[in-house]
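# Structural description and commentary
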Amino acid sequence: MAQVKETQHPVKFGGYYQPKDRPIEEITARVGPGTPCGEYMRRFWHPFRLSSQLDQRPLVVRILGEDLVLYRNLSGALGLVHKHCAHRGASLEFGIIAEHGIRCCYHGWLFSNDGTILETPGEPADSPHKDKFCQGAYPVIEYEGVIFTYMGPPELRPAFPLMDAMVMPDNRMTPYLIHSPCNWQQVSENSIDPFHVAFLHTRVSGPQFSEVFESLPIVEYHETPHGFFYTNARRVGDFVWIRMHDHLLPNFSQNGAIFENVSKVRYFGRAGLTRWVTPVDDTHTLVIAYRHFNQRDDPLHQGRPQDNGVGKTDFYGQSNELPYAMRQDSPGDWDAWCSLGPITSHASEHLATTDRGVAMLRRKLKMEIENLAKGIEPQRPEPLDGQPVPTTGGDTILRIPHNGGDDRELILEACRAVAAVYVETQHLPDAQRRAAITQRLAPLNTADPSAVNPEHGKMFEFKSVS
Ligand code: FES
Ligand SMILES: [Fe+2]
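Every value quoted in this text rests on a predicted model; they were computed, and no experiment measured them.

Basis of the calculations
- Residues numbered from 1 in each chain as written.
- Chains lettered and ligands numbered in written order.
- Predicted model: local features only at pLDDT ≥ 70, side-chain atom pairs only at ≥ 80, totals over all residues.
- Helix = DSSP H or I, 4+ residues; strand = E, 2+ residues; numbered from the N terminus.
- Rg over C-alpha atoms; globule rule 2.2 N^0.38 Å.
- Buried ≥ 20, exposed ≤ 12 C-beta atoms within 10 Å, placed from the backbone.
- Contact = placed C-beta atoms within 7 Å.
- Pairing = 2+ DSSP bridges.
- Domains from an automatic or database assignment.
- Nonpolar A, V, L, I, M, F, W, Y, C, P; charged D, E, K, R; others polar.
- Expected span 1.5 Å × (residues − 1).
- Arc of directions from axis to C-beta.
- Core = buried A, V, L, I, M, F, W, Y, C linked by C-beta atoms within 7 Å.
- pLDDT = per-residue confidence, 0-100.
- Axes fitted to C-alpha atoms, helices over the stretch in contact; angles between N-to-C directions.
- Parallel < 35°, antiparallel > 145°, perpendicular 65-115°, else oblique.
- Left-handed = near helix turned anticlockwise from the far one by under 90°.

### Focus on the overall build of the protein
Counting secondary structure elements, the protein contains 10 helices and 19 strands. Its C-alpha atoms give the protein a radius of gyration of 25 Å, within 12% of the compact-globule value 23 Å for 466 residues. If one aligns the C-alpha atoms of the protein with their principal axes, the spans along those axes are about 90 × 70 × 45 Å. Out of the 466 residues belonging to the protein, those deemed buried represent 39%. A sequence separation of at least 24 residues applies to 61% of the contacts in the protein between residues at least 6 apart.

This is the structure we're talking about:
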């Protein structure tokens, strides 16, 4: 029998020699209690259900490999407790919801939302039982139709990371939740890879969103204390279209308008999608996101708020709701990330130039997880001085005429100028930030690329906003 071995050289019809075992990246793939990534994940708030999914009965949920029960007590406050009762383990999905908590069906023990044992009715009145331990419980916050929890050490609980995109004026948000039967990381990495848009969503099976996504974007990544943002630019006629993406660790991302035709100048467009990727366990994941609807960021009025909800959203390819044959003919994001398998094997991949964002994200994620294992707590986005966390996700469109040559450097220079303005104004309240960005980007529209002097080194000059 021939020896199965790895070979450095391509072997035609050599499937036999390809490695068959696909080792997974244990440190980032496992999210259960006590695992390095599970511990890291437990330093952040995560969304896990839509408010619309909860009625008057308890709801079983699984998050980060833990089985839990979500309920709304009779006072209206949400509780999230370990599924199995601290007494002898009956499931609290059969619990009776009470004024301030939930009562186990089996022997009637009553737990408050924070896990305190309020009553042990079958025990003697002086029983010390209820003061000695608690039901496992986690804090819950409900915001604009989405329910979030923090499952880490209570003493390290951060403030809820309210993002600026979540409080935009004149903006409607509708949430959606979609399940994927695969590891969280492969869903998350989709958002740091803007190159797939030119292929999966445009060239391979025709435009799924808009033809303007067809050209390969010019991409530059910027590291921040909480992760990354990147510029993702294309020339469309006389316009340079710069999409800004946020990708905060571990699992948050924002991108620009979902539907776009690049027909006029725009400054500081905001996110079309504010998205989290929440691990259910190692091989199941939830995408939970807000779709944004407003005049500025949905100029084509193609967004459909009513089509967002449980298992569905209003843009193509985010679930398996279409027939299999249709998804084979025109696969979407959901098909791509699920098709990598239950847990993708990084060791079996062959990363290339379009994967530099993925590689960078993996490096930073791994470093953060290893740092935490050494006792270094991660930085987390938190509102400061009552202001929401500033983000960058959204589109800026500039009119910069094409000079006929290769204008890649010009576009990159414009991206850097836009990125600098976004960063330098992020301490400002939203309306002031918008005004400052507009004021500083407007002169770029008059830029004449034929006048660019390469020796000057910079095509655009900006003064800092003080
Ligand atoms: S098992 Fe819950 S009260 Fe006994
Ligand atoms: Fe995509």
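### Topic: the sheet that holds strand E9 (residues 137–138)
The antiparallel open sheet is built from four strands, whose spatial order is E2-E3-E4-E9. Single-partner strands in this sheet number two, and they are strand E2 (59–63) and E9. Bridge count between strand E3 (residues 66–72) and strand E4 (residues 78–82): five bridges; the pairing is antiparallel. Each bridged residue has a counterpart across the sheet, and for Val-69 the counterpart in E4 is Val-81.

### Focus on the domain arrangement of the protein
Domain boundaries assigned for the protein yield domain 1 (45–156) and domain 2 (164–456). Each partner contributes to the interface: domain 1 provides 14 residues, whereas domain 2 provides 16 residues. Within the residue set of the side of domain 1 that touches domain 2, elements represented by two or more residues are strand E1 (45–50) and E2. Of the residues assigned to the side of domain 1 that touches domain 2, the class counts are seven nonpolar, five polar and two charged.

### What to know about the environment of Lys-83
On the secondary structure map, Lys-83 appears in the loop between E4 and strand E5 (96–97). The exposure class of Lys-83 is partly exposed, given the 19 C-beta atoms found within 10 Å. Considering only alpha carbons, one finds Lys-83 and Glu-93, 10 residues apart in sequence, at a separation of 6.9 Å. Every residue in contact with Lys-83, bar those within four places of it in the chain, is listed here: Val-60, Asp-67, Leu-68, Val-69, Ser-91, Leu-92 and Glu-93.

### So, helix H9 (residues 408–424)
The terminal C-alpha atoms of H9 lie 24 Å apart, and with 17 residues this matches the ideal 24 Å at 1.5 Å per residue to within 8%. Contacts from the buried residues of H9 go to strand E13 (218–224), strand E14 (227–236), strand E15 (239–248), strand E19 (394–399) and helix H10 (430–441).

### Some thoughts on H10
The first and last C-alpha atoms of H10 sit 16 Å apart over 12 residues, in line with the 16 Å expected at 1.5 Å per residue. Among all positions in H10, only Arg-433, Ile-437, Arg-440 and Leu-441 are buried. Along H10, the residues classed as buried sweep out an arc of 90° about the axis, all on the same side. The outward face of H10, more than 90 degrees from its buried face, is lined by the exposed residues Ala-431 and Gln-432. Buried residues along H10 sit against E19 and H9.

### Examining the sheet that holds strand E7 (residues 110–112)
Strands pair in a sheet through their backbones, by hydrogen bonds, and they do so in one of two ways: parallel or antiparallel. With respect to topology, four strands assemble into an open sheet ordered E5-E6-E7-E8, the strand pairing being antiparallel. Only two strands of the sheet have a single neighbouring strand rather than two, namely E5 and strand E8 (117–119). In the sheet, strand E6 (residues 101–103) pairs with E7 via three bridges, with the strands oriented antiparallel. Each bridged residue has a counterpart across the sheet, and for Ile-102 the counterpart in E7 is Phe-111.

### A short note on the nonpolar core
Counting residues in hydrophobic clusters, the biggest one holds 64 residues, and the most contacted among them are Ile-63, Leu-68, Leu-80, Val-81, Val-287, Ile-288 and Ala-289. No other element matches the five residues that strand E18 (residues 284–293) contributes to this core. Looking at this core, you find at least three residues from each of domain 1 (45–156) and domain 2 (164–456). Residue contacts for Leu-80: discarding those within four places in its chain leaves Leu-68, Leu-70, Ala-137, Tyr-138, Val-140 and Thr-149. Counting 27 residues, the second largest nonpolar core, distinct from the first, contains Val-240, Trp-241, Phe-268 and Ala-414.

### Let's talk about the pairing of strand E10 (residues 140–143)
Look at any regular strand and the pattern is simple: side chains alternate between the two faces of the sheet. Pairing of E10 with strand E11 (residues 146–150), which is carried by four bridges, proceeds in the antiparallel orientation. Across the sheet, Glu-142 pairs through a bridge with Ile-147, a residue of E11. Connecting E10 to the antiparallel partner E11 that follows it, the hairpin turn spans two residues, and Glu-144 within it adopts a positive phi of roughly 45°.

### A look at the confidence of the model for the protein
Detailed reading of the predicted coordinates is not advisable wherever pLDDT falls low. Across the protein, the average pLDDT comes to 92, with 94% of residues at 70 or higher. pLDDT under 50 marks residues 452–457. Its contacts with residues more than four places away, or in other chains, come to two contacts.

### As for the packing of H9 against H10
At a minimum axis distance of 10 Å, the contact between H9 and H10 shows a crossing angle of 155°. Regarding the angle of H9 to H10, the classification is roughly antiparallel. Note that H9 runs across H10; the crossing there is right-handed. Contacts between H9 and H10 involve Val-418, Val-421 and Tyr-422 on the former and, on the latter, Ile-437, Arg-440 and Leu-441. Looking at the contact of H9 with H10, its residues break down into five nonpolar, no polar and one charged.

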